[in-house]
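Below, each chain spelled out in residue letters.
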Amino acid sequence: MKRQRANKQTAHIASYRGKGRWGWMQLPLAGILALAGLVLVIVRAWGMRFSGFLLLGIAALLALSWLLNQLAAGDRRWRLVRRIFRGCVAAGLALLVGLEIFIINRGRSDMTPLPADAVIVLGAGVNGTEPSLSLRTRLDKALKYLEYWPDIPAVLTGGTGYGEEISEAACMYDYLTEHGVEPERLILEDQAANTAENFALSKPLLEAEGIDPAEDTVAVVTNDFHLARAELIAHRQGYGQVAGVPAELPWLHLSVNYYLREPFAVVKTLLLD
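Not measured: the values here are computed from a predicted model.

> What am I meant to see in the packing of aromatic side chains here?
Within a pair of aromatic rings, the relevant descriptors are the distance that separates the centres and the angle that separates the planes. Per the counting criterion, the structure on display carries five aromatic pairs. Summarising the aromatic geometry, the rings of Phe199 and Tyr239 are spaced 5.3 Å apart at their centres and angled 70° between planes, so their arrangement reads as edge-to-face. Linking Phe199 in helix 7 (residues 195-208) with Tyr239 in the loop between helix 8 (227-236) and strand 7 (241-247), this pair joins segments that are 40 residues apart in sequence. Among the aromatic residues, ring-to-ring pairing joins Phe225, Tyr258 and Tyr259 into one connected group.

The following block contains the structure:
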């Protein structure tokens, strides 16, 4: 009887330790992903640091999963812990996938044909006095939008950040006027340090132009990956009708990086901002 029980226990442990090759592949795969993640984090020129941190996080989850498999091989309590861990990972993944689908759908919704009373162009990084790639794509989209709607004012919003010799608003003003936009159409807001401040500090400037952000339609130009969060923040700041105007990045790997980052940024906005 004892021998039978021991054999059953041995078989039970073996079944948990050897649940297919996947159980033993987790650790090597975690090592590969961790190495790739470190490379992306270290090589800043590629602009994929978040993807690097994400790979490091996935590697940590795989290593933890492997460890729990080993601990659960002979202990019911650890099997319960493993079940809870898997449930949390599955719930988190479902949430992130749902948010990602929402963000992608909003990023593809171009409201340029929808009449608006004003437009806000959200700032992004400035390299010295020149617009960064992200900001330049927003400005090129803003040029098309202002050409499409020639009679509405535009608020250019963004302060001066680290490594920027002029404010983002001033950089946008220079770029747009150099490309033929009439200076009298442009209103500068050069103090904001984040998206929430972009909208908050733009409100009195719009009101001075006779535009009520709570009632009138305000278009917002930003990058496609950022549009869903920008609309969410705008509504929190009291904007009623927001018409999103998305600008696409020219390089696929950058778009992927920022789209992967946005669900986490949306969660942060919902919980902390």
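Next comes the rest of the description.
> Just checking my understanding: could you explain the layout of surface pockets for this structure?
A probe matching the size of a water molecule, rolled over the atoms, marks out where space remains unfilled. The space that makes up the largest pocket amounts to roughly 670 Å³. Together, 21 residues line the largest pocket, and Ile58, Leu61, Val89, Leu93 and Leu96 are the ones closest to its centre. Among the elements that line the lining of the largest pocket, the one with the most residues is helix 4 (residues 76-107), at ten residues. Among the residues making up the lining of the largest pocket, the classes are represented as 15 nonpolar, four polar and two charged. A volume near 550 Å³ is recorded for the second largest pocket. In terms of lining residues, the second largest pocket is bounded by 22 residues, among which Gly125, Ser132, Ser134, Tyr258 and Arg261 are the most central. Contributions of two or more residues to the lining of the second largest pocket are made by strand 2 (126-127), helix 5 (133-148) and helix 9 (252-272). Counting residues per element, the lining of the second largest pocket draws most heavily on helix 9, which supplies five residues. For the lining of the second largest pocket, the residue count by class is ten nonpolar, nine polar and three charged.

> How should I be thinking about helix 9 in this particular structure?
With 21 residues, helix 9 extends 30 Å between its outermost C-alpha atoms, agreeing within 8% with the 30 Å of an ideal straight helix rising 1.5 Å per residue. Where helix 9 bends most, at Glu262, the angle is about 30°, and the proline Pro263 comes one to four residues later.

> I keep staring at helix 6 (residues 168-178) and nothing clicks. Help me out?
Structural remark: α-helix, 3.6 residues per turn; residues separated by three or four positions point the same way. Among all positions in helix 6, only Glu168, Ala169, Cys171, Met172, Tyr175 and Leu176 are buried. Around the axis of helix 6, the buried residues are gathered within 160° of arc, so they sit on the same side. Looking at the buried side of helix 6, the elements it contacts are strand 1 (118-122), strand 2, strand 3 (130-131), helix 5, strand 4 (154-157) and strand 5 (186-189). Within two residues after helix 6, Gly180 carries a phi angle of roughly 100°, on the positive side.

> What's the story with the confidence of the model for the protein in this structure? I'm lost.
Low-pLDDT portions of the prediction should not be read for the details of their coordinates. In this model, the protein carries an average pLDDT of 91, and 92% of its residues clear a pLDDT of 70 or more. Confidence drops under a pLDDT of 50 for residues 1-18, and excluding neighbours within four residues, the segment shows eleven contacts in the predicted structure.

> Please explain a nonpolar patch on the surface as it appears in this structure.
Taken together, the side chains of Leu64, Leu67, Leu71, Trp78 and Val81 present a nonpolar region at the surface, about 370 Å² in accessible area. No other element matches helix 3 (residues 49-72), which puts three residues into the nonpolar patch. With relative accessibility at 35%, the residue Trp78 sits in the partly exposed group.

Conventions and cut-offs
- Residues numbered from 1 in each chain as written.
- Predicted model: local features only at pLDDT ≥ 70, side-chain atom pairs only at ≥ 80, totals over all residues.
- Heavy atoms only, no water.
- Phe/Tyr/Trp six-rings, centres within 6.5 Å; stacked < 30°, edge-to-face > 60°.
- Helix = DSSP H or I, 4+ residues; strand = E, 2+ residues; numbered from the N terminus.
- 1 Å grid on protein atoms, 1.4 Å probe; cavity = no way out; pocket = protein on both sides within 12 Å on 5 of 7 lines; lining within 4 Å.
- Points joined across faces, edges and corners; volume = space filled by probe spheres on them.
- Nonpolar A, V, L, I, M, F, W, Y, C, P; charged D, E, K, R; others polar.
- Expected span 1.5 Å × (residues − 1).
- Bend = angle between axes of the 7 residues up to and from the residue.
- Buried < 20%, exposed > 50% of the residue type's maximum accessible area, 1.4 Å probe, protein only.
- Arc of directions from axis to C-beta.
- Contact = heavy atoms within 4.5 Å.
- pLDDT = per-residue confidence, 0-100.
- Patch = residues over 30% accessible without salt bridge, like charges linked within 9 Å, V, L, I, M, F, W, Y side chains within 5 Å.
- Areas by Shrake-Rupley, 256 points an atom, 1.4 Å probe, with all protein chains shown as cover.
- Salt bridge = Lys/Arg side-chain N within 4 Å of Asp/Glu carboxyl O.

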